[in-house]
Amino acid sequence: MAELLQNLIDGLGRGSIYALLALGVAVIFGVMHLLNFAHGELITVSGYAAFWALDAGWSWYLVVPLIVLVSVATSLVIERVAFSRVRGADDFTLLLTSFGVHFVVSAIFLLYVSASVKTFSRPGWVTNTFAVGSLRIEVFDTVVIGVTVLALIGTSLLLQRTMFGLALRAAAADFDTARLMGVRSDSVIRGAFALSGALAGIAGIFWLMRAGSTVPSAGVNPMLKGVLAALIGGLGSLRGAVLGGLALGMAEVLLRSRLPDSVASLTEGVVFLLIALLFIFRPQGLIAVAHAERV
Amino acid sequence: MSNAMTHHPSRNLRRDVAFPVVGAVLLFGLFLGAGLLYQGLLGGHERLVTFALIDAVIVLGMQIYIGNTGILSFGHIGFGAIAGYAFALSAISPVEKLKRVSDAPFGLVDVQLDPWTSIAVAVVVVVLVAAVVGVGLARSGAESGAVSATVITLALLFVTHELARNWPDLTGGDRAGLSFRIGGALDTRVPIYLALFGTILVARLFAQSRAGRLAVAAREDNLAARAMGVNPLVQQMLGLLLSVAVVGVGASLRVYEKGSILPGDFFFNLTLVTLVMLIVGGRRSVTGALLGVGVITAGRELARRLGQDGFEIFGIGLDDAPLDWIFRENLKTVFLGSAMLAFMIWRPAGLLDDWELDRWLRSRFGRRRSEQPTTPPVVEFDDTDALVVREVDVAFGGFQALRDVSIDAGRHEVVGIIGPNGAGKTTLLNVITGLVPSDSGTVVLGGVDLTGRPSFEIARHGLVRTFQNLRLFSALTVRENIEVSALVAQKARDHQPPDVDALVAAAGLWEVRDRRARELDYGTSRRLELARAAAMSPSFLLLDEPTSGMSDAESTAMIEQVRLMAGVIGAGVVVIDHDLNFITGICDRIYCLDCGHVIAEGTPAEIQADPAVQAAYLGSSAQG
């Protein structure tokens, strides 16, 4: 029982980061029908920014806002340079454009920075734990969960209470109609990329703190988790994305601790298999989004 | 109606195969020639050419699925990994296996097959895996569109990679890998030549086959294809299996030639390279895919040389050139990523789009019917097949779109459905053709209950529709558009439609039969959509606003067109329209819908005189 509780807390911590990533993916899918395979590159770029800043003697208190800023800026630049040129293109083009961005960004770091791992010091409290009864809880997990809850509340206030949020939700529900109703597609799309960048930035802070290093290919894993979680939740559904992230984190932690030792190293593979099974039996994801074509 | 489209099956067959064979020989010759030229004259590495030949097999394998179905797959290299390991595990000698994978499960340690049997084993294994994965792809693709199918293929790539890395008992793990001692690499390229030639031919023949053409129709417009009786999942599955089999051959050859296999060999990098090759040349074309392999191989080689030697190529060197800092070791990856991005932004269809060498040859040198066929005779309708719609209710959320709607139509008549905007006319048509589920009520055709059946089954039973906002297969020619339904009708309908050429001519499309559908003007597109529906030889043609956006003269001509098409296939007609001239001119009976309910039924004269219709449909001005 205690072990299960322990797993749940660990899973919640891990799942929170995935949820933030997935939410960023879902926001962009909502306005552009683009599944953003370049989402993880926001973490690659801000990871290098963090490395250089820390290397130059900045403290983590300054690096944290820097990561979010860099992530938002990168997201906007990528939108401007690549995605704004393929708006309205078919799925195939959109998917490969984001895939191309993913490769170009990581290749640029590979080419002009270094292929080797850049490590940086992590804040001391990241590895601290405290005990509640027989549970050993990581300070890090509690911070992650707390900040994620705040970020989700902030996002939902933004979406529910502001004009921008209304425009974004309208665009996500029906982009063409929203435009006819006077929603400005440019600003909504840019706003969505900024929001997605901010969410990725927050996730990136934790991702980088936990890793304590960065490499050119650092974006692959966060991208994959974010995209898969958004898909598990049901593409286009914002609530689904959060749910999908938590489910994915939970599944990983539970499997890792419950699978027999001989196959524990295959956890990732098993998770992918479970996802594939989910799609065979519930192809629309956890939360179905109506997307019937009009005829 | 035995004068169907198979006039002379044997001659057609010879012609259908002859051009692809000639085309394949030429393509193979050109591709190999370019490789040998580079190897011989410019001192290129022999291995580079060998791998380009093998990559061509893999890329064409991917083209069979991605090009014809339009679904992006990241998973083909994952399938390649499975085939590669299956090949390695069957071909490596037990002695070697004891060193690398002494604990291999399933008694694999003692297995040793010759390389060619091993390739066959690899293909069988990977096709079996693909059959299972294909079910998942089909299910999620059907429910949530091609995007989720793509993500599943990406997940597949990662699953195979994780398994390869973390199952050392089977794969030798991340570092050791599996390497060969069966005489090293291939000592001759002949098997590769055979594989490539065979692949080119197979890829072209598939694209021309019934399955290939129906897959392409669904690629162009999934919904319209289903409304023409195509079940895209079947064609996509066939395409996937064939494509994976070819990739399996290519992957085995790659492992054989390389002499070893590591998890990283079939992962992100190879996925990137092969996808870029496919899209640069043109994913919809076999010729394009081969061109892409050539262009990208050359580009990579150039980037590699630039990265290695600084700004020096083919002996022309610029020492300490200012651009040296750009040309580094990993230039290749930047080159590939940028090529992908640039093509997606500026030329997403690739260099050749869907141009094919053999199709071009056929259009230049093939014999074709030049005289315009005469209009086929009017067919006796079979009046046992009445369409009976009873008590249909549909609600979208809180909005009652249809309430207790019943209509009847016989094959001898033209039935009109009119009503103001939002009255539920198109929804009714969508319910009848299975695109929108009804909450209650039945749709029965000739005694067969079609309620709730998928739209492609309903189409095959004989209810075929057109769309309010034209849905043609836009990249296909006029004739090919009509052929799609004729191909479905051949199998699905016992009552065969007239010859395709005769229909083309009857629809007044003879002059434009080789033009692409997207190049047609509006009125011509409407006629094509009608002819495409007629080629299914349905019991009923269901037309959704066939005259919308037409002038009076055009809509009058449309009356003749609809009568003619219905006549030559002996079909009844149910038509929705706003245009009162058209409706009263063509219909025997009219139903008037308002707010989802039938408010009147009768002959055109009765309907025009009905006060309820005037109030609802013609508005208050008509009353005053």
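Here the structure is a predicted model, which means the values were calculated and not measured. What you see as residue numbers is a count from 1 along each chain, following the sequence as written. Written order decides the labels, with chains lettered from A and ligands numbered from 1. Predicted model: local features are reported for residues with pLDDT of at least 70 only, side-chain atom pairs are reported and counted for 80 or more only, and whole-chain, interface and lining totals are derived from all residues.

A. Broad picture of the overall build of chain B. Starting at the N terminus, helices and strands are each numbered in turn, a helix being any DSSP run of H or I of at least four residues and a strand any DSSP run of E of at least two. Within chain B, the secondary structure is distributed over 25 helices and 14 strands. Overall, chain B is about 90 × 55 × 50 Å in size when its C-alpha atoms are taken along their principal axes. Burial is judged by counting other C-beta atoms within 10 Å of a residue's own C-beta: 20 or more means buried, 12 or fewer means exposed, and anything between counts as partly exposed, with every C-beta placed from the backbone. The buried share among the 624 residues of chain B stands at 52%. Pairs at least 24 apart in sequence give 75% of the contacts found in chain B among residues at least 6 apart. By definition, residues are in contact whenever their C-beta atoms, placed on the basis of the backbone, come within 7 Å of each other.

B. Region of the structure containing the sheet that holds strand β14 (residues 597-602) of chain B. Residue and element names in this part refer to chain B. Two strands qualify as a pair provided that DSSP identifies no fewer than 2 bridges between them. Strand order in the open sheet made by the six strands is β10-β11-β12-β7-β13-β14, with mixed pairing throughout. Either end of the sheet is taken by a strand with one partner, and the two such strands are β10 (463-465) and β14. Across the sheet, the axes of successive neighbouring strands diverge by a mean angle of 20 degrees, strand direction being ignored. One ladder, built from four bridges, connects strand β7 (residues 414-418) with strand β13 (residues 589-594); its direction is parallel. Paired with Val 415 across the two strands is Arg 589, which belongs to β13. In the packing of helix α16 (residues 425-432) onto the sheet, contacts are made with β7, β10, β11 (540-544), β12 (572-576) and β13, and the angle to β11 comes to roughly 145 degrees. The axes used here are C-alpha line fits, helices contributing only the stretch in contact, and every angle between their N-to-C directions lies in the interval 0 to 180 degrees.

C. Here's a closer look at the pairing of strand β2 (residues 129-132) of chain A. Both β2(A) and strand β3 (residues 135-138) of chain A contribute to a ladder of four bridges, which runs antiparallel. Paired with A:Phe130 across the strands is A:Ile137, a residue of β3(A).

D. Region of interest: the sheet that holds strand β9 (residues 448-449) of chain B. Residue and element names in this part refer to chain B. Spatially, the four strands line up as an open sheet ordered β6-β5-β8-β9, and their pairing is antiparallel. The open sheet terminates on both sides in strands that have one partner only, identified here as β6 (399-409) and β9. In terms of strand pairing, strand β5 (residues 387-396) meets strand β8 (residues 440-445) through five bridges, oriented antiparallel. Bridging across to β8, Asp 393 finds its partner in Ser 440. Where α16 meets the sheet, it contacts β5, β6 and β8, and its direction lies at approximately 65 degrees from that of β6.

E. Just the environment of A:Leu277, in detail. Residues and elements named next belong to chain A. One can find Leu 277 in helix α12 (residues 267-281). Overall, the presence of 11 C-beta atoms within 10 Å leaves Leu 277 in the exposed class. Between the alpha carbons of Leu 277 and Ile 67 there is a distance of 36 Å; along the sequence they are 210 residues apart.

F. View of the interface of chain A and chain B. Taken residue by residue, the interface counts 39 residues in chain A and 41 residues in chain B. Breaking the side of chain A that touches chain B down by element, the ones donating at least two residues are α4 (91-112), α9 (220-233) and α12 of chain A. The element contributing the most residues to the side of chain A that touches chain B is α4(A), with 15 residues. Residue composition of the side of chain A that touches chain B, by class: 29 nonpolar, six polar and four charged. Only Asp, Glu, Lys and Arg are considered charged, only Ala, Val, Leu, Ile, Met, Phe, Trp, Tyr, Cys and Pro nonpolar, and every remaining residue, Gly among them, polar.

G. How the structure looks around α4(A). In this analysis, the expected span of each helix is defined as 1.5 Å times one less than the number of residues it contains. The end-to-end C-alpha distance of α4(A) is 32 Å, a good match for the 32 Å that 22 residues give at a rise of 1.5 Å each. In terms of residue burial, α4(A) counts as a mostly covered element, since 18 of its 22 residues are buried.

H. Spotlight on the environment of A:Val149. Considering the arrangement of structural elements, one finds A:Val149 in helix α5 (residues 139-161). Separated by 133 residues in the primary sequence, A:Val149 and A:Ser16 have C-alpha atoms spaced 8.3 Å apart.

I. Summary view of the nonpolar core. For this analysis, nonpolar core means a set of buried Ala, Val, Leu, Ile, Met, Phe, Trp, Tyr and Cys residues linked through C-beta atoms within 7 Å. With 201 residues, the main nonpolar core has A:Ala22, B:Val276 and B:Met340 as its most contacted residues. Among the elements that take part in this core, helix α5 (residues 115-166) of chain B stands out by supplying 22 residues, more than any other. With sequence-adjacent residues up to four places away left out, B:Val276 is seen in contact with B:Ile296, B:Leu336, B:Ala339 and B:Met340.

J. Region of the structure containing the environment of A:Gly15. All names here are of chain A. Looking at the secondary structure, you find Gly 15 in helix α1 (residues 2-32). Looking at Gly 15, the number of C-beta atoms within 10 Å reads 29, which means it is buried. Each C-alpha atom, one on Gly 15 and one on Ala 251, is 9.0 Å from the other, the two residues being 236 residues apart in sequence.

K. The packing of α1(A) against helix α8 (residues 185-211) of chain A, seen in detail. Residue and element names in this part refer to chain A. Contact geometry for α1 and α8: axes closest at 8 Å, N-to-C directions at 165 degrees. By the criterion of interaxial angle, the relationship of α1 to α8 is roughly antiparallel. Judged by the sense of rotation from one axis to the other, the crossing of α1 with α8 is left-handed. When α1 is examined against α8, the residues Ile 17, Leu 20, Leu 21, Leu 23, Gly 24, Val 27, Ile 28, Val 31 and Met 32 are found in contact with a partner set consisting of Val 188, Ile 189, Ala 192, Phe 193, Leu 195, Ser 196, Leu 199, Ala 200, Ile 202, Ala 203, Phe 206 and Trp 207. Throughout this description, any angle smaller than 35 degrees is read as roughly parallel, any larger than 145 degrees as roughly antiparallel, any in the 65 to 115 degree range as roughly perpendicular, and the remainder as oblique. A clockwise turn of the near helix away from the far one marks a right-handed crossing, whereas an anticlockwise turn of less than a right angle marks a left-handed crossing.

L. Representation of unusual backbone geometry within the structure. Residue and element names in this part refer to chain B. For Glu 545, which is not glycine, the phi torsion reads 50 degrees and is therefore positive. Of note, Glu 545 is situated in the loop between β11 and α21 (552-569). For Glu 545, a count of 21 C-beta atoms within 10 Å corresponds to the buried category. For Cys 595, which is not glycine, the phi dihedral falls at a positive 50 degrees.

M. The arrangement of the confidence of the model for chain B in detail. Residue and element names in this part refer to chain B. Predicted confidence across chain B gives a mean pLDDT of 86, with 90% of residues reaching 70 or more. Residue-level confidence of the predictor is summarised by pLDDT, bounded by 0 at the bottom and 100 at the top. Overall, residues 313-323 carries pLDDT values under 50, and its contacts beyond four positions in sequence, including any with other chains, amount to nine contacts. Scored below 50 in pLDDT, residues 620-624 makes three contacts in the model with residues more than four places away or belonging to other chains. In the model output, the complex is listed with pTM 0.89 alongside ipTM 0.86.

N. Region of interest: the domain arrangement of chain B. Residue and element names in this part refer to chain B. Marked domain ranges trace back to an automatic or database domain assignment. What the domain assignment reports for chain B is domain 1 (17-361) and domain 2 (387-623). For domain 1 and domain 2, the distance between their C-alpha centroids amounts to 45 Å. Counting residues at the interface gives 15 residues for domain 1 and 20 residues for domain 2. Listing elements by their share of the side of domain 1 that touches domain 2, those giving two or more residues are α9 (210-220) and α10 (222-227). In terms of residues, the side of domain 1 that touches domain 2 owes the most to one element, α9, which gives five residues.

O. Layout of α9(A). Residue and element names in this part refer to chain A. Spanning 14 residues, α9 covers 20 Å between terminal C-alpha atoms, matching the ideal 20 Å at 1.5 Å per step. Taken across its 14 residues, α9 has 12 buried, putting it largely inside the fold. Within α9 the residues assigned to the buried category are Pro 222, Met 223, Leu 224, Lys 225, Gly 226, Val 227, Leu 228, Ala 229, Ala 230, Leu 231, Ile 232 and Gly 233. Looking one or two residues past α9, Gly 234 carries a phi angle of roughly 110 degrees, positive in sign.

P. Focus on the confidence of the model for chain A. Taken as a whole, chain A shows an average pLDDT of 87; of its residues, 96% reach a score of 70 or greater. Of all secondary-structure elements in chain A, the lowest mean pLDDT belongs to helix α11 (residues 261-264) of chain A, at 70, while helix α3 (residues 60-81) of chain A reaches the highest, 95.

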